[in-house]
Amino acid sequence: MKITAFNPLIVTKDSAPIVKLFEELGFERRHDLQANTGEKDIDSIRMKDANGFYVDISEIEDFSLPQDLTLIRMNVDDFDEAAKELEAKGFTNPKGDHTVDTKTNKSAMFRSPSGFAFDLCQHIKE
């Protein structure tokens with residue numbers, strides 16, 4: 001498994017105040033991506049500061065949790081290989097085999113036995 005990026009990801013119903021906070025902390029927008037998973041619309045914002053640190057913020061309008069969710073985003077070069085490696089270490093996908101598939105990425109949450117979670121993601125290059 002080759003990790004290609006590793007940074008925090010905040011999932012929220014309303015990204016505007018979070019983006020504002022990170023801008024005030026010195027982060028700048030690198031890019032925005034709007035995608036539809038077939039189930040949900042997702043607006044993802046990638047931000048970077050002058051020291052090279054990244055934070056991703058994903059807004060999902062019908063996000064059903066009572067508060068924001070913070071994950072560790074782990075981009076990899078091979079989703080299936082990485083998923084198998086995490087599962088062998090006891091990680092589970094809370095949605096079974098469900099993945100979020102868009103034209104630019106494949107991702108899923110994987111929760112560790114102790115409770116922290118990765119957003120495992122592979123970018124699809126066109």
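All values reported here derive from a predicted model rather than from experimental measurement.

## Structural notes on the overall build of the chain
- When its secondary structure is counted, the chain shows two helices and eight strands.
- The C-alpha atoms of the chain give 14 Å as radius of gyration, which agrees with the globular expectation for 126 residues (14 Å, within 12%).
- In terms of principal-axis extent, the alpha carbons of the chain reach across some 40 × 35 × 30 Å.
- Of all 126 residues assigned to the chain, the portion counted as buried reaches 39%.
- Within the chain, contacts between residues separated by at least 24 positions form 55% of all contacts whose residues are at least 6 apart in sequence.
- On the chain, roughly 7700 Å² of surface is accessible, and the fraction owed to carbon and sulfur atoms is 51%.
- Here the chain carries 16 positive and 24 negative side-chain charges, and the mean point of each set is 3 Å from the other.

## Comments concerning a nonpolar patch on the surface
- Residues M1, I3 and F6 make up a contiguous nonpolar surface patch of about 270 Å² in total accessible area.
- Take F6: it is sitting in strand β1 (residues 3-12).

## Re the packing of aromatic side chains
- For the coordinates displayed, the defined rule picks out six aromatic pairs.
- For the pair F91 and F116, a centre-to-centre distance of 5.7 Å together with 80° between the ring planes defines the contact as edge-to-face. Of this pair, F91 sits in the loop between α2 (79-88) and β6 (100-101) while F116 sits in the loop between β7 (105-111) and β8 (117-123), placing them 25 residues apart in sequence.
- Residue F116 is classed as partly exposed on the basis of its relative accessible area of 40%.
- A connected cluster of aromatic rings, assembled from ring pairs, spans F6, F91, F116 and F118.
- It is R46 that lies over the ring of Y54; its NZ or CZ is 3.9 Å from the centre.

## Thoughts on the layout of surface pockets
- The volume enclosed by the largest pocket comes to roughly 960 Å³.
- Looking at the largest pocket, it is lined by 42 residues, and the ones nearest its centre are V11, I42, I60, V100 and D119.
- Of all the secondary-structure elements, those providing two or more residues to the lining of the largest pocket are β1, β2 (28-36), β3 (41-48), β4 (54-60), β5 (69-76), β6, β7 and β8.
- When its residues are assigned to classes, the lining of the largest pocket shows 18 nonpolar, 15 polar and nine charged.

Each value, and the rule that gives it
- Residues numbered from 1 in each chain as written.
- Predicted model: local features only at pLDDT ≥ 70, side-chain atom pairs only at ≥ 80, totals over all residues.
- Heavy atoms only, no water.
- Helix = DSSP H or I, 4+ residues; strand = E, 2+ residues; numbered from the N terminus.
- Rg over C-alpha atoms; globule rule 2.2 N^0.38 Å.
- Buried < 20%, exposed > 50% of the residue type's maximum accessible area, 1.4 Å probe, protein only.
- Contact = heavy atoms within 4.5 Å.
- Areas by Shrake-Rupley, 256 points an atom, 1.4 Å probe, with all protein chains shown as cover.
- Lys, Arg positive; Asp, Glu negative; His and termini not counted.
- Charge placed at Lys NZ, Arg CZ, Asp CG, Glu CD.
- Patch = residues over 30% accessible without salt bridge, like charges linked within 9 Å, V, L, I, M, F, W, Y side chains within 5 Å.
- Salt bridge = Lys/Arg side-chain N within 4 Å of Asp/Glu carboxyl O.
- Phe/Tyr/Trp six-rings, centres within 6.5 Å; stacked < 30°, edge-to-face > 60°.
- Lys NZ or Arg CZ within 6 Å of the ring centre and 35° of its normal.
- 1 Å grid on protein atoms, 1.4 Å probe; cavity = no way out; pocket = protein on both sides within 12 Å on 5 of 7 lines; lining within 4 Å.
- Points joined across faces, edges and corners; volume = space filled by probe spheres on them.
- Nonpolar A, V, L, I, M, F, W, Y, C, P; charged D, E, K, R; others polar.

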